[in-house]
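# Working through the structure, step by step
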Amino acid sequence: SSELKGLVGHVDPASVVAIPPGHYWTPEEGLVCYHNPEWLRKDDHAPWANPSLTPHTDNEIREAFRAAVQKRMMSDVDYGLFLSGGVDSCIVAHDLLPLYRASDDDRPLKTYTVGMENSPDLMAAKGMVEALGGERYIDHRVREFTVDEVFD
């Protein structure tokens, strides 16, 4: 479970183990490896150290990322973004907003954040909303929870 509270009362905590990347577990089959590329098995895998590879420029990486965000902008419902306050979601929000604004939708982009009051991620998400133009461009919805709710 990605949510630890989903395990409370159902399993012995000492029996909980991490599932390695590229694996899944079922009661019937146990731990099953479905993806085991050669590079994952090599301790010395370091493609960045290969001098024959042509490095990509910062602009090429930015454009590829922007294109990936745009490629996923297909929906028959309103757009929304889970803005955790982490680096990944902030970068997506940064690239998504201009693409969304260019789609002729003048409504603010809906973003959603879940966290404890004044937690670092919640504060970072609020800061990102302000950096993107605040309420004029972002309809930021926050769900704050308490310590007691984590274990209910």
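Our subject in this report is the structure included herewith. Just so it is clear, the structure is predicted and the values come from calculations on it, not from any experiment.

With that settled, consider a nonpolar patch on the surface. Together, Ile-19, Trp-25 and Leu-31 line one region of the surface with nonpolar side chains, adding up to about 340 Å² of accessible area. Among the structural elements, Ile-19 can be located in the segment before strand E1 (23-26).

Further remarks concern the nonpolar core. Membership of the largest hydrophobic core comes to 16 residues, with the highest contact counts inside it found for Leu-83, Leu-96, Leu-97, Leu-109, Leu-132 and Ile-138. For this core, the secondary structure elements donating two or more residues are helix H3 (87-101) and helix H4 (120-131). In terms of residues, this core owes the most to one element, H3, which gives six residues. Residues within four places of Leu-83 in sequence aside, it is in contact with Ser-89, Cys-90, Ala-93, Thr-111, Tyr-112, Thr-113, Ala-125, Met-128, Val-129 and His-140.

With that out of the way, let us pick up the packing of aromatic side chains. With the rule as written, the count across this model stands at two aromatic pairs. Geometrically, the ring pair formed by Tyr-24 and Tyr-34 is tilted, given 6.0 Å between the ring centres and 35 degrees between the ring planes. Of this pair, Tyr-24 sits in strand E1 while Tyr-34 sits in the loop between strand E2 (30-33) and helix H1 (38-41), and the two are 10 residues apart along the sequence. Accessibility expressed as a relative area gives 57% for Tyr-34, which makes it exposed.

What follows deals with the pairing of strand E4 (residues 109-116). Where strand E3 (residues 80-82) and E4 come together, three bridges link them in parallel fashion. The partner of Gly-80 across the bridge, within E4, is Lys-110. In this region the chain leaves E3, passes through H3 and returns to the parallel neighbour E4; the handedness of that crossover is right-handed. One ladder, built from eight bridges, connects E4 with strand E5 (residues 138-145); its direction is parallel. Along E5, the bridge assignment pairs Tyr-112 with Arg-141. As for the winding sense of the linkage, the β-α-β connection from E4 through H4 to E5 is right-handed.

Moving on to the sheet that holds E5. Backbone-to-backbone hydrogen bonds join strands into a sheet, with any given pair of strands oriented parallel or antiparallel. Within the open sheet, the three strands sit side by side as E3-E4-E5. Their pairing is parallel. Each end of this open sheet is capped by a strand with a single partner; those strands are E3 and E5. Averaged over neighbouring strand pairs, the angle between their axes works out to 20 degrees when direction is ignored. Where H3 meets the sheet, it contacts E3, E4 and E5, and its direction lies at approximately 170 degrees from that of E3. Packed on one face of the sheet, H4 meets E4 and E5 and runs near 170 degrees to E5.

Moving on, we come to the pairing of E2. Every other side chain in a regular strand lies on the same face of the sheet, so the side chains alternate between the two faces. Where E1 and E2 come together, four bridges link them in antiparallel fashion. Across the sheet, the residue bridging to Trp-25 is Leu-31, located in E2.

Rules behind the numbers
Residues numbered from 1 in each chain as written. Predicted model: local features only at pLDDT ≥ 70, side-chain atom pairs only at ≥ 80, totals over all residues. Heavy atoms only, no water. Patch = residues over 30% accessible without salt bridge, like charges linked within 9 Å, V, L, I, M, F, W, Y side chains within 5 Å. Areas by Shrake-Rupley, 256 points an atom, 1.4 Å probe, with all protein chains shown as cover. Salt bridge = Lys/Arg side-chain N within 4 Å of Asp/Glu carboxyl O. Helix = DSSP H or I, 4+ residues; strand = E, 2+ residues; numbered from the N terminus. Core = buried A, V, L, I, M, F, W, Y, C linked by side-chain atoms within 4.5 Å. Buried < 20%, exposed > 50% of the residue type's maximum accessible area, 1.4 Å probe, protein only. Contact = heavy atoms within 4.5 Å. Phe/Tyr/Trp six-rings, centres within 6.5 Å; stacked < 30°, edge-to-face > 60°. Pairing = 2+ DSSP bridges. Right-handed = clockwise from strand over helix to strand, strands pointing away. Axes fitted to C-alpha atoms, helices over the stretch in contact; angles between N-to-C directions.

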